[in-house]
Amino acid sequence: MQASLKFCPNCGQPIGPDNDFCPNCGFDLRAARQQAQSTSQKEAANSQSSPATPSPAASATSATAERRRPPRSPRHWLLVTGIAVILILGIAYFAGATYYSQDRQVTELAEEMTSGDADDMAEVAVASDGTALHEDDLKPLAQLIKNRSDRSLLHSMIMAKSTSGPVQIVKAGHELLIFPKYKVKLGTADAVVKTNLKNATLTLNGTPAQAKAHDGQYIITGQLPGVYTLKLSGTHDCLTKDFTREVVIPLKGQASDLTLDAATASSSSATSSSSASSQNSHPDSNTHDDDSDDDYDDNGVTKTTRQYPSDPSKRNDNHSTSGIVGRWESGDRATFTFNSDGTYTATNNGTPSNGKWEVVYRDGNVFNIKFTKSDGGSTVEPFVLDDDDLIETNLKIKWERDD
């Protein structure tokens, strides 16, 4: 297609589309049309292959707009700071919750309570009413858990995280004002003492005991678990008589009733006249030296013929060996040694024997011991600790400690 020319490029007069020569001046219009067509084609090709280049003015306008972008608002920075603070607090809380978790605290409580140090125990224990306990309050418990089985029992009771019963885990304030703090709450139990002494007074570990008396029975209430030294003093047949006994308040259950018969008590005269009467009442008072007089009560009954509690079938959870361990002798021909590791050695008329022993029942100073011989045979014998002597009640044998 030829390029359209409306005017003659030579004279400027109008021309028609079919004119090859200008009707006015005769100029050859064919060459002009070919040149115009070639120029038009080149411009079209250039416009399709090259993007439009912004003018310098447009570039300057864009750069100025970029430089004039408005600064971020304070609200933006507050949002960023708030998110950072929340993250930090979240991490701190997670670390604190892990460190002060109940499981971790209970593990530490169990370690402190079974350490045997009454001062350390007092830092993590509270009484049944939530009040603080002191070192002296926990010395009996520290004595009790010297026994491995009691120590293991206390540890397992704490780790059970019970909220009821004699050993509980309770909340006692907060750590860092946020995390619950836990302590061990110890329950109490009663000790029952039965005696035929009149006007009895009782002390536990040197402190007067608050006891409810009824018909020869004294109930010592509200005692923490532990091993206590009971001293009881009263009168019987015009004589003042005294007992010193070990009382065990167990971690579980009630203490075994303690029966204190006046016949097994050490005595002193209530008055000088009753002392003289007592001395004259001994049928053999002139035939026994001062040492042998200790074997007679005020009725002339020897320790081996007294009526002690004696039932080898009894069993309980009190396995205390207090006052038993050591070497004993009966006369000149028999010795018996209770070793602390649960073994024994003995001689009788020069014949040695050995085996194992275990306390299977104990109520104060009355207890049953199971003996297992080296050949496998076993037997249970009842005993009584009477003052400084060990009485084998069924066999009527008195053993004296050989120091």
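All chains use their own residue numbering, which begins from 1 and follows the written sequence. This being a predicted model, a pLDDT of at least 70 is required before a residue's local features are given, and a value of 80 or more before pairs of side-chain atoms are given or counted; all residues contribute to the totals for chains, interfaces and linings. To get the side-chain values, take all heavy atoms of the structure and skip hydrogens and water.

Where an unreviewed UniProt entry is consulted, the protein appears under the name Membrane protein, with the organism given as Lacticaseibacillus zeae DSM 20178 = KCTC 3804.

Draft legend 1. Region of the structure containing the overall build of the protein. When its secondary structure is counted, the protein shows nine helices and 20 strands. The contact criterion used is simple: two residues touch if any of their non-hydrogen atoms lie within 4.5 Å. Taking contacts inside the protein between residues at least 6 apart in sequence as the whole, the part at least 24 apart equals 50%. Looking at the protein as shown, the accessible area adds up to about 24600 Å², and 50% of this sits on carbon and sulfur atoms. Counting from the N terminus, the helices are DSSP H or I runs at least four residues long and the strands are E runs at least two residues long. All accessible areas in this document rest on Shrake-Rupley with a 1.4 Å probe, and a residue is counted as covered only by the protein chains that are shown.

Draft legend 2. Up close: the side chain of Arg-362. On the secondary structure map, Arg-362 appears in strand S16 (residues 351–363). Type-normalised accessible area, obtained with a 1.4 Å probe on protein chains alone, sets the label of each residue: buried when under 20%, exposed when over 50%, and partly exposed for intermediate values. The charge count includes Lys and Arg as positive and Asp and Glu as negative, but it does not include His or the ends of the chains. We count a salt bridge whenever a side-chain nitrogen from Lys or Arg sits within 4 Å of a carboxyl oxygen from Asp or Glu. Summary of buried charges: Arg-362 has no salt-bridge partner, and the nearest side chain of opposite charge, Glu-246, is 4.4 Å away. Within the local environment of Arg-362, its side chain forms a polar contact with the backbone oxygen of Gly-364, the two atoms lying 2.7 Å apart. Any pair of nitrogen or oxygen atoms within 3.5 Å is treated as a polar contact; in protein, a donor-acceptor pairing is required on top of that, and neighbouring residues in sequence qualify only through side-chain atoms on both sides.

Draft legend 3. Geometry of the pattern of salt bridges. Scanning the model with the defined rule gives six salt bridges in all. A salt bridge links Arg-30 to Asp-28; its shortest N-O distance comes to 3.2 Å. According to the relative accessible area criterion, Asp-28 is partly exposed, its value standing at 28%. For Glu-400, the salt bridge is made with Lys-398, and the minimal N-O distance between the two is 3.1 Å. Given a relative accessible area of 37%, Glu-400 falls into the partly exposed group. Classification of Lys-398 by relative accessible area gives buried; the value is 17%.

Draft legend 4. Main features of the pairing of strand S5 (residues 198–204). Strands were regarded as paired on the criterion that DSSP finds at least two bridges between them. Here S5 pairs with strand S9 (residues 226–236) via five bridges, running antiparallel. If you follow Thr-201 over to S9, its bridge partner there is Ser-233. Here two bridges tie S5 to strand S6 (residues 207–208), and the two strands are oriented antiparallel to one another. Residue pairing across strands places Thr-203 opposite Pro-208, the latter belonging to S6. From the end of S5 to the start of S6, which pair antiparallel, there are two residues, and Asn-205 there has a positive phi angle of about 50 degrees.

Draft legend 5. Here's a closer look at unusual backbone geometry. A positive phi angle is found at Leu-176, which is not glycine, with a value near 55 degrees. Turning to its location among the elements, Leu-176 is positioned in the loop between strand S2 (167–175) and strand S3 (179–186). Exposure remark for Leu-176: the relative accessible area of 58% places this residue in the exposed category. Unlike most non-glycine residues, Asp-387 shows phi in positive territory, near 55 degrees. In this structure, Asp-387 sits in the loop between strand S18 (378–386) and strand S19 (389–392).

Draft legend 6. How the structure looks around the nonpolar core. By convention a nonpolar core is built from buried Ala, Val, Leu, Ile, Met, Phe, Trp, Tyr and Cys residues, the set being connected through side-chain atoms within 4.5 Å. Grouped together as the largest cluster of nonpolar side chains are 47 residues, with contacts concentrated most on Met-113, Leu-138, Leu-141, Ile-158, Leu-186 and Leu-230. Grouped together as the second largest cluster of nonpolar side chains are 16 residues, Ala-334, Val-359, Phe-367 and Phe-383 included.

Draft legend 7. Layout of the sheet that holds S18. Read once around its circumference, the closed barrel built from eight strands follows the order S13-S14-S15-S16-S17-S18-S19-S20, with strand pairing classed as antiparallel. Here the strands of the sheet are splayed against their neighbours by 35 degrees on average, with no regard to which way each runs. Bridge count for strand S13 (residues 326–330) against strand S20 (residues 397–401) is two bridges, and the pairing is antiparallel. Looking at S20, one finds that Trp-328 is bridged to Arg-401. Orientation is described by lines fitted to C-alpha atoms, with helices fitted over the stretch in contact, and by angles between N-to-C directions that extend from 0 to 180 degrees.

Draft legend 8. Region of the structure containing the sheet that holds strand S11 (residues 258–260). Taken in spatial order, the four strands make up an open sheet running S7-S8-S4-S11, and their pairing is mixed. The sheet is open, and its two edges are formed by strand S7 (211–214) and S11, each paired on a single side. Taking the axes of each pair of neighbouring strands and ignoring which way they run, one obtains an average angle of 20 degrees across the sheet. Looking at chain direction, strand S4 (residues 189–195) and S11 are connected through three bridges and run parallel. Residue pairing across strands places Thr-195 opposite Leu-260, the latter belonging to S11.

Draft legend 9. Spotlight on the packing of aromatic side chains. Only centres within 6.5 Å qualify two rings of Phe, Tyr or Trp (six-membered ring in Trp) as a pair; their planes then separate them into stacked at under 30 degrees, edge-to-face at over 60, and tilted for everything else. Applying the stated criterion across every chain yields a total of twelve aromatic pairs. On the numbers, 6.1 Å between centres and 70 degrees between planes, the contact of Phe-336 with Trp-399 is edge-to-face. Placement of the pair is Phe-336 in strand S14 (residues 334–338) and Trp-399 in strand S20, with a sequence separation of 63 residues. Assessed through its relative accessible area of 13%, Phe-336 is described here as buried. Put simply, the rings of Phe-336, Phe-338, Tyr-344, Trp-357, Phe-367, Phe-371, Phe-383 and Trp-399 pair up and form one aromatic cluster. Placement of a charge over a ring requires the Lys NZ or Arg CZ to be within 6 Å of the ring centre, with the centre-to-atom vector within 35 degrees of the ring normal. Against the face of Tyr-99 rests Arg-104, its NZ or CZ located 3.9 Å from the ring centre.

Draft legend 10. How the structure looks around the UniProt feature "domain: Zinc-ribbon" (unreviewed entry) in the protein. UniProt positions are given in the numbering used here, feature names are shortened, and annotations may be inferred rather than shown by experiment. Those residues carrying the UniProt feature "domain: Zinc-ribbon" (unreviewed entry) are residues 7–29 in this numbering. Helix and strand shares over residues 7–29 are 4% and 0% respectively, and the end C-alpha atoms of the span are 10 Å apart.

Draft legend 11. Spotlight on the confidence of the model for the protein. Looking at the protein, the pLDDT average stands at 81 and 80% of residues meet or exceed 70. Residue-level confidence of the predictor is what pLDDT reports, using numbers from 0 through 100. Here helix H8 (residues 272–281) stands out as the least confident element of the protein, with mean pLDDT 29; strand S1 (residues 125–126) is the most confident, with 96. Across residues 268–301, where pLDDT falls below 50, the model places 39 contacts with residues more than four positions away in sequence or in other chains.

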